[in-house]
Amino acid sequence: MSTSEQPALLGGPRACDFDWPAWPVHGPAERERLLAVLESGRWWYGEQVRTFERAFAAFQGARFGVSCTNGTTAIEMALRAVGVIEGDEVIVPPYTFIATASAVITVGAVPVFADIDPETLCLDPAAVAERITERTRAIIPVHVGGRMADMAALNALAARHGLAVVEDAAHAWGSQWQGRGAGTLGACGTFSFQVSKNITAGEGGILVTDNAELAELARSFSHCGRREGGAWYDHDWLGSNLRMTEFQAAVLLAQLERLPDQIRRREANARLLERGLAGLPGLRLPRPAPEMTRRSYHMFIFRVDEGELGLSRDRFLDALQAEGVPATEGWYRPLYRNRLFAEAHVGPPHGIRAPLAGKGVDYRAVACPVCERVCREAVWIPHPVLLAEPWQIERLIEAVAKVVTHAARLR
Ligand SMILES: Cc1ncc(COP(=O)(O)O)c(C=O)c1O
């Protein structure tokens, strides 16, 4: 196989004529743990859940872990626990999944979008600084794809203005900033275990923190407003039911055991990929923050400079897919373009259809040019690819090089 071959899109052979690793991964460990829970008859919020909470918190380097139903409710729980209330403003990036912003609305607050940094692809601290008002109460940096936001700058900004930092670490299981785990750098951090995620039980979520009071509040909220040690039908605080089941925790315990090895494999393959793609004309490899000492890859992201490549990003993707590379444009478009925000000023207020109506918001003028550009230029390679054998990654690199070499003929 060489770059002089005809591109697959023009009838040549596919560079990647094999199957990529399937996801999710499971084995005897999941089966045995699941069966043990099944046969024990103890299916409800018990030893497995507590064991997983402790194990995951320790894995990230946090003192406490409070599990919940998913990464969305984990953010809601975090915002409530840090004290965000009706009418507060919370600064979020637009390059993320809807949950980062919808959780803010769910707790009655108003999401304010600040642009991302073109290298980290996460919240840009300078853009955040410009959006702070006297109503700002919290900032939610999202560690996109396992790349971390500039936590040093964001924490400094938050300290200056008395704001809480809630890390949306939904993709950052194992990522570290100068040796400290994602989710432990702000007031608290939240994670998702939904089925596409690098550690999964189909659904699930967790909040981690070093703050005992915050952990207790989060626990109470997730558990119908009960208090540790309180009577069963005493509900001291506002709560919901966000409890994880013993089945989920059993699967997650097995998944957590194999995560360190998977992280090593993904990091090694990502290094191969980075070396192989560096220097190809028309491709840009955004640099993660240099303080990152370990990186989980929920996806490998690079950007296409259409002018230099001489091919549109979308045609480039068609050509890569024809070569057998499961690359996509990614899921994200600027969040504020969603109808939820674009028509947020239109009433009447409604809990679902118009939750922000009447709150004085109008997102029509919001523009985050870096995010918009990244959405036009991004190429995402999903994490299961990074569990492949190194020779398969070499083929992927050849596929990209072939498409780049023949760009002019693929137009
Ligand atoms: C950045 C981010 N935050 C939050 C979530 C919400 O997680 P969940 O799907 O578990 O509710 C996701 C899920 O994809 C996400 O990608």
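If you're wondering where the values come from, they're calculated on a predicted model, not measured in any experiment. (Residues numbered from 1 in each chain as written. Predicted model: local features only at pLDDT ≥ 70, side-chain atom pairs only at ≥ 80, totals over all residues.)

### Describing the overall build of the protein
Working step 1: Each helix and strand counted, the protein has 14 helices and 13 strands in total.
Working step 2: For 411 residues, the compact-globule estimate of 2.2 N^0.38 gives 22 Å, and the protein sits close to it at 22 Å.
Working step 3: Viewed in the frame of its principal axes, the protein has a C-alpha envelope of about 75 × 55 × 40 Å.
Working step 4: The buried share of the protein, taken over its 411 residues, is 47%.
Working step 5: Across the protein, every contact between residues at least 6 apart in sequence was considered, and the portion connecting residues at least 24 apart equals 70%. (Helix = DSSP H or I, 4+ residues; strand = E, 2+ residues; numbered from the N terminus. Rg over C-alpha atoms; globule rule 2.2 N^0.38 Å. Buried ≥ 20, exposed ≤ 12 C-beta atoms within 10 Å, placed from the backbone. Contact = placed C-beta atoms within 7 Å.)

### So, the site of the ligand
Working step 1: With respect to spatial proximity, 14 residues lie near the ligand, and among them N70, G71, T72, A170 and S192 are the closest.
Working step 2: Those elements that place two or more of their residues in the shell around the ligand are α3 (71-82) and α4 (99-106).
Working step 3: Its residues assigned to classes, the shell around the ligand comprises four nonpolar, nine polar and one charged. (Near = placed C-beta within 6 Å. Nonpolar A, V, L, I, M, F, W, Y, C, P; charged D, E, K, R; others polar.)

### Some details on helix α2 (residues 47-60)
Working step 1: Helix length check: α2, at 14 residues, gives a terminal C-alpha distance of 20 Å against a target of 20 Å (1.5 Å per residue), a fit within 8%.
Working step 2: When we look at burial in α2, the residues that qualify are Q48, V49, F52, E53, F56, A57 and Q60. Seen from one end, α2 has its buried residues packed into an arc of 155°, which puts them on one side.
Working step 3: Buried positions along α2 lie against α1 (28-40), β1 (64-68), β7 (180-181), β9 (205-209) and α8 (246-277).
Working step 4: G61 sits one or two residues past α2 and shows a positive phi near 85°. (Expected span 1.5 Å × (residues − 1). Arc of directions from axis to C-beta.)

### Some thoughts on the nonpolar core
Working step 1: Counting residues in hydrophobic clusters, the biggest one holds 120 residues, and the most contacted among them are A78, L79 and V166.
Working step 2: For this core, the domains that each give at least three residues are domain 1 (8-23 + 259-331 + 372-410) and domain 2 (28-255).
Working step 3: Setting aside residues no more than four positions away along its own chain, L79 makes contact with V84, V90, A103, V104, V107, A109, A138 and V166. (Core = buried A, V, L, I, M, F, W, Y, C linked by C-beta atoms within 7 Å. Domains from an automatic or database assignment.)

### Some points on the pairing of strand β8 (residues 188-192)
Residues in a regular strand project their side chains so that they alternate between the two faces of the sheet.
Working step 1: Burial analysis of β8 places five of its five residues in the buried class, the great majority of the element.
Working step 2: Residues C188, T190 and S192 line one face of β8 and the alternating positions G189 and F191 line the opposite face, and both faces are buried.
Working step 3: With three bridges connecting them, strand β5 (residues 164-168) and β8 associate as parallel partners. Directly across from E167, in β8, lies its bridge partner G189.
Working step 4: Of the pairings in the sheet, the one linking β8 to β9 comprises four bridges and is antiparallel in character. Bridge pairing in β9 links S192 to G205. (Pairing = 2+ DSSP bridges.)

### Focus on the sheet that holds strand β10 (residues 283-284)
Backbone hydrogen bonds hold the strands of a sheet together, and the pairing may be parallel or antiparallel.
Working step 1: Strand order in the open sheet formed by three strands is β10-β12-β13, with antiparallel pairing between adjacent strands. At either end of the open sheet lies a strand with only one pairing partner, and these are β10 and β13 (378-382).
Working step 2: Relative to strand β12 (residues 299-304), β10 runs antiparallel, the two sharing two bridges. Along β12, the bridge assignment pairs L283 with V304.

### Comments concerning helix α6 (residues 151-161)
Working step 1: Turning to α6, its buried residues are M151, L154 and A158. What you see down the axis of α6 is that its buried residues fit within an arc of 65°, all on one side. Exposed residues lying more than 90 degrees from the buried face of α6 are A156, A159 and R160.
Working step 2: In the core, the buried residues of α6 are packed alongside α5 (125-131), β4 (136-139), β5 and β6 (176-177).
Working step 3: Trailing α6 by a residue or two, G162 shows a phi angle of about 65°, which is positive.

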